[in-house]
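# Structural features, examined
Chain residues, written in single-letter form:
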Amino acid sequence: MGIFIAFIGLSFLVFFHELGHFLFAKLFKVKVNIFSIGFGKAIIKKKIGETEYRFSIFPLGGYVLMKGENQFINSNEIDISQNSYANKKPWQKILILFGGPLFNFILAFILFIFLGLSGIEILAPVVGSIVENSPASKYNIQKQDKIIKINETEIKDWKDIFPNLQQNNNGKIDIVILRNNQKIFLNIQLDKNPKNNTWFLGITPDVTKLNIVKYNFLEAVQFGYDSVTKFTLLLIDGVKQLITNTIGLNQLGGFISIIDYTSKASEIGLNSLFFMLAFLSINLAVLNLLPIPALDGGQIILVVYEIIRGKQANEKIYYYLIAFSWIFLISLMLIGVINDINRLVE
């Protein structure tokens, strides 16, 4: 059942991505010939109006085929009629291409808002261990102490501790902890970490202590924005580390891992499933914006080239760029699948 739910969830992410392309194409009066969830042979298809809607045999992906979109692949198909993609202004093409990733960001934002309203698990600000010779040990902070206030800020989440230690007061903080239902007030001089020039207290969390927090609507919106921003930057950093070989290709996961993690998340509960789908939606947006010609990001760069040069890219160069980028992407997918299989065998 979990695997079935995972496929449905991932298909919805693809649908929402392609819906972004579709709606922007319609906004600029571009004819959409095919709207497909999945690749390969169509299992189910139905033509409504001018568009044929398909559910194809390989569901992990999808595409929107617009009139005039294949002009570089086959010069005989160049179509400059009013409802052709090829006839649209460069800025309109960019918005059509960006529509897919944009809708994935929007979907993740909505899912995080829902999670904020329904309640999310957070790591409670409870001390799990003390670093030797740290300010925490000098001021007798103990295991199971709960940090409830730093200066004038109430602390409800462990992640709020670090930024509140960095206030510009030369490392001096007023801290309130709860121990055996009694409040203890401390004035602490923090130490500075010379490696990253940050103030530190010298405590680690008790990972078994979790709280359920529900936000009001405005707080949930802020939580949604913060979560989308955080995971987007995290994924961008992951891509950088992959490019610079800080992370090896053996860490790359494929669709088997995606299905497995999503399936397990669905078995834990609806909130876990929504969190996983929100994260994967951001993943889909970020990956599609990479400057690879077969992806939306690469297509956007080619349109920007068209704006700068005042003409479209050379047909032959375009064709080879697309071909090599697909070879590159398929190679990465195969590496991911091989890594997945190796993990299963181990």
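Conventions used here
- Residues numbered from 1 in each chain as written.
- Predicted model: local features only at pLDDT ≥ 70, side-chain atom pairs only at ≥ 80, totals over all residues.
- Heavy atoms only, no water.
- Helix = DSSP H or I, 4+ residues; strand = E, 2+ residues; numbered from the N terminus.
- Buried < 20%, exposed > 50% of the residue type's maximum accessible area, 1.4 Å probe, protein only.
- Contact = heavy atoms within 4.5 Å.
- Axes fitted to C-alpha atoms, helices over the stretch in contact; angles between N-to-C directions.
- Parallel < 35°, antiparallel > 145°, perpendicular 65-115°, else oblique.
- Left-handed = near helix turned anticlockwise from the far one by under 90°.
- Nonpolar A, V, L, I, M, F, W, Y, C, P; charged D, E, K, R; others polar.
- pLDDT = per-residue confidence, 0-100.
- Pairing = 2+ DSSP bridges.
- Core = buried A, V, L, I, M, F, W, Y, C linked by side-chain atoms within 4.5 Å.
- Expected span 1.5 Å × (residues − 1).
- Bend = angle between axes of the 7 residues up to and from the residue.
- Salt bridge = Lys/Arg side-chain N within 4 Å of Asp/Glu carboxyl O.
- Phe/Tyr/Trp six-rings, centres within 6.5 Å; stacked < 30°, edge-to-face > 60°.
- Lys NZ or Arg CZ within 6 Å of the ring centre and 35° of its normal.

A count of helices and strands for the protein chain gives nine helices and 12 strands. Looking at the protein chain as a whole, 41% of its 346 residues are labelled buried. Sequence separation of at least 24 residues holds for 65% of the intrachain contacts in the protein chain that already meet a minimum separation of 6.

A word on the packing of helix α2 (residues 90-118) against helix α5 (residues 217-243). Where α2 meets α5, the closest approach of the two axes is 8 Å, and the angle between their N-to-C directions is 130°. In terms of axis orientation, α2 runs oblique to α5. For the pair α2 and α5, the sense of crossing is right-handed. Where α2 abuts α5, its residues F105, A108, F109, F112, I113, L115, G116 and L117 lie against F217, A220, V221, F223, G224, Y225, S227, V228, F231 and T232. Residue composition of the contact of α2 with α5, by class: 14 nonpolar, four polar and no charged.

Next up on the list: the confidence of the model for the protein chain. Overall, the prediction assigns the protein chain a mean pLDDT of 84, with 87% of residues at 70 or greater. Across the protein chain, the element-wise mean pLDDT spans from 69 in helix α6 (residues 255-268) up to 95 in α2.

The topology assignment puts I155 in the loop between β6 (153-154) and α4 (161-165). Taking C-alpha positions, I155 is 9.0 Å from A124, a pair spaced 31 residues apart along the chain. If near-sequence neighbours (up to four positions away) are discounted, I155 is found in contact with P125, I147, I148, K149, I150, D160, I161 and N164.

Turning our attention to the environment of L97. Take L97: it is sitting in helix α2. C-alpha separation for the pair L97 and I300, spaced 203 residues apart in sequence, amounts to 6.7 Å. Apart from residues lying up to four places away in sequence, L97 is in contact with H21, Y85, D296, Q299, I300 and V303.

Looking now at the sheet that holds strand β7 (residues 172-179). Read across the sheet, four strands follow the order β6-β5-β7-β8 without closing on themselves; strand pairing throughout is antiparallel. The sheet is open, and its two borders are formed by β6 and β8 (182-189), each paired with just one other strand.

This next bit is on the nonpolar core. A general feature of soluble globular proteins is that nonpolar side chains tend to end up buried together. Within the largest apolar cluster, 45 residues are counted, with the highest numbers of intra-cluster contacts made by M66, Y85, I96, F112 and I282. For this core, the secondary structure elements donating two or more residues are α1 (2-27), β1 (32-48), β2 (51-66), α2, β3 (120-123), α5, α7 (270-288) and α8 (296-309). Those residues in contact with I282 that sit more than four places away from it in its chain are F105, A108, F112, S227, V228, F231, T232 and L235. Counting residues in hydrophobic clusters, the runner-up holds 18 residues, among them I155, L165, L186 and I203.

Before going further, it helps to spend a moment on α2. Given 3.6 residues to a turn, an α-helix orients residues that are three or four positions apart in the same direction. Between its first and last C-alpha atoms α2 spans 42 Å; for 29 residues at 1.5 Å apiece the expected length is 42 Å, and the two agree. At G99, α2 shows its strongest bend, of approximately 40°, with the proline P101 following within four residues. Positive phi shows up at G119, right after α2, with a value of about 115°.

Time to look at the pattern of salt bridges. For the structure shown, the criterion picks out six salt bridges. Across the salt bridge formed by K138 and D191, the nearest N and O atoms sit 3.9 Å from each other. Taken as a pair, K138 in helix α3 (residues 135-138) and D191 in strand β9 (residues 191-193) lie far apart in primary sequence, 53 residues in all. Residue classification places K138 among the exposed positions, given a relative accessible area of 58%. Relative accessible area serves as the criterion here: at 25%, D191 is assigned to the partly exposed category. Linking D145 and R179 is a salt bridge whose minimum nitrogen-to-oxygen distance equals 2.7 Å. Of this pair, D145 sits in the loop between α3 and β5 (146-150) while R179 is found in strand β7, placing the two residues 34 residues apart along the sequence. As far as the burial class goes, D145 and R179 line up, both buried.

Now for α1. In this model α1 runs 37 Å from its N-terminal to its C-terminal C-alpha over 26 residues, within 8% of the 38 Å that 1.5 Å per residue would give. A positive backbone phi angle near 60° is found at K29, which sits one or two residues after α1.

We now examine the packing of α2 against α7. Here α2 crosses α7 at 155°, and the two axes come no closer than 8 Å. Between α2 and α7, the interaxial angle falls into the category roughly antiparallel. Classified by chirality, the crossing of α7 by α2 is left-handed. Counting all contacts with α2, which are made through P101, N104, F105, L107, A108, L111, F112, F114, L115 and S118, the residues of α7 involved are N271, F274, F275, L277, A278, S281, I282, L284, A285, V286 and N288. In terms of residue class, the contact of α2 with α7 is built from 16 nonpolar, five polar and no charged.

Counted under the stated rule, the structure contains 16 aromatic pairs. An angle of 10° between the planes, with centres 5.9 Å apart, marks the rings of F112 and F231 as stacked. In this pair, F112 sits in helix α2 while F231 sits in helix α5, placing the two residues 119 residues apart along the sequence. On the accessibility criterion, F231 (12% relative accessible area) is buried. With centroids separated by 5.7 Å and ring planes inclined at 80°, the aromatic side chains of F231 and F275 adopt a geometry described as edge-to-face. Of this pair, F231 sits in helix α5 while F275 sits in helix α7, and the two are 44 residues apart along the sequence. Grouped by ring-pair contacts, the aromatic residues F12, F15, F16, F22, F35, Y53 and F103 constitute a single cluster. Cation over ring: K93 sits above Y85, and NZ or CZ is 5.5 Å from the ring centre.

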